[in-house]
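Secondary and tertiary structure notes
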Amino acid sequence: MTKSLLTLSWQTLLADYVTAIAWSPNGSFLAVASAAGEVVLWQIRGKRLLTLQQQQGLSVDVIAFSADGQFLATGGQDGTVRIWQIVEDGAVLLTELENKRTWVDCLRWHPQRPELAFALGKYTQIWDGGLQAVVATINFEKSSVLDMAWHPSGNFLVLAGNQSLKVWKTKAWDDDPHLRDISGASGVIAFSLDGQYLASGNNDRTLLVWEWENLDPWQMQGFPGKVRHLAWSMKAPDSSPLLVSSSGKSMVAWVQAENDNWVAQPLDLHNGTITAIAFKPRSNLLASASEDGLVCLWKKATHAAQVLEGVAAGFSTLAWSPQGNYLAAGGCGGEVLLWAENMTGKGDA
């Protein structure tokens, strides 16, 4: 272990399990949702905690800011997608898109435009922030949509589900999607930051990685359970990016070798199920959260550099600020913790 990279800067307590956290693009707001239905906004500079939604007994499961920072969207157990307009000192509820008898647990903003994709069972709708209306509905057909990802170029939307990934062109929602077949169900997908690679974690204990222009994937297997989380690092000038996957309490860092295959490096430290992993922006410093009550920082995704604590019943989620100067994490008991970059501890992250 080296000197501390992060130090605790702020914390609060919500009524229940923290389900999701998200940062505004400029890092000025941290949004947090809970299983009790709370939605709160922490203003970093003003050090003010704003309540956007009181607890209502139905969980809010997903929360995300638009790429321009203009909107905040939430979805959850009541089937309603709520969209707030971000203002200088907080947020104002703009619209509610009600979808009865449908649990909304997957939504993603377009990487450049204020366009929101959200899953409603087998269907996905696209809401346009400029028009403030739903402009498209696409059908996965084979199963409920389990995850989705926009290509970093913004030109494609990929939906994941049973036996396939389906790829739509964003300018041609009415056209048939392109298919990438898989043997099981894909529960999590993630693009590398440059869009060159697409990874899929599957319930048949496999991990598939495609080069975006190639339909023939690499397959990794031998995981203790289904692959639940994926994270890509930035790309080094002379190598491919790192891919980290988690399954149960185990984590593996993958790097592409000279022979074109992917080589595994196990990351062993956690004693509970890993609940979230994320690379610090513009860095190879990895953070992992677990039900064992630890957040671990891994330098270059190879060795532990710091272990963070502060919850009684385990961590449920985490997220780096876009500037990389803060790390926020949520706890299974409703705890929200915010660590700041220790400037005296900066180094080769």
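Located above this text is the structure these notes cover.
Definitions and cut-offs
- Residues numbered from 1 in each chain as written.
- Predicted model: local features only at pLDDT ≥ 70, side-chain atom pairs only at ≥ 80, totals over all residues.
- Heavy atoms only, no water.
- Helix = DSSP H or I, 4+ residues; strand = E, 2+ residues; numbered from the N terminus.
- Rg over C-alpha atoms; globule rule 2.2 N^0.38 Å.
- Buried < 20%, exposed > 50% of the residue type's maximum accessible area, 1.4 Å probe, protein only.
- Contact = heavy atoms within 4.5 Å.
- Areas by Shrake-Rupley, 256 points an atom, 1.4 Å probe, with all protein chains shown as cover.
- Lys, Arg positive; Asp, Glu negative; His and termini not counted.
- Charge placed at Lys NZ, Arg CZ, Asp CG, Glu CD.
- Pairing = 2+ DSSP bridges.
- Axes fitted to C-alpha atoms, helices over the stretch in contact; angles between N-to-C directions.

1. Points about the overall build of the protein chain
- Scanning the protein chain for helices and strands turns up zero helices and 31 strands.
- Computed over the C-alpha atoms, the radius of gyration of the protein chain is 19 Å, within 12% of the 20 Å expected from 2.2 N^0.38 for a compact globule of 349 residues.
- Taken along the three principal axes of its C-alpha coordinates, the protein chain extends 50 × 50 × 35 Å.
- Residues classed as buried in the protein chain amount to 57% of the 349 residues present.
- Considering only contacts within the protein chain whose residues lie at least 6 apart along the sequence, 43% involve residues at least 24 apart.
- A total accessible area of about 15,100 Å² is found for the protein chain, and carbon and sulfur atoms account for 46% of it.
- Across the protein chain, 25 positive and 33 negative side-chain charges occur, with their mean positions spaced 3 Å apart.

2. Regarding the environment of Ser66
- Within the secondary structure, Ser66 is located in the loop between β6 (60-65) and β7 (71-76).
- Taking the C-alpha atoms as reference, Ser66 lies 7.8 Å from Leu116; in sequence the two are 50 residues apart.

3. Structural notes on the sheet that holds strand β30 (residues 326-331)
- Here four strands make up an open sheet; going across it, the order is β1-β31-β30-β29 and the pairing antiparallel. The two strands at the open ends of the sheet, each matched to only one other strand, are β1 (6-13) and β29 (315-320). Neighbour to neighbour, the strand axes of the sheet diverge by 20 degrees on average, direction disregarded.

4. Some remarks on the sheet that holds strand β19 (residues 206-211)
- Reading across the sheet, the seven strands line up as β14-β15-β16-β17-β18-β19-β20 and stay open at both edges, with antiparallel pairing between neighbours. Strands with a single pairing partner mark the edges of an open sheet, and in this sheet they are β14 (147-150) and β20 (218-221). Taking each pair of neighbouring strands and ignoring which way they run, the sheet shows an average axis angle of 35 degrees.
- In this structure, strand β15 (residues 156-160) lies alongside strand β16 (residues 162-169), joined through five bridges in antiparallel fashion. For Ala160, the partnering residue across the bridge sits in β16 and is Leu165.

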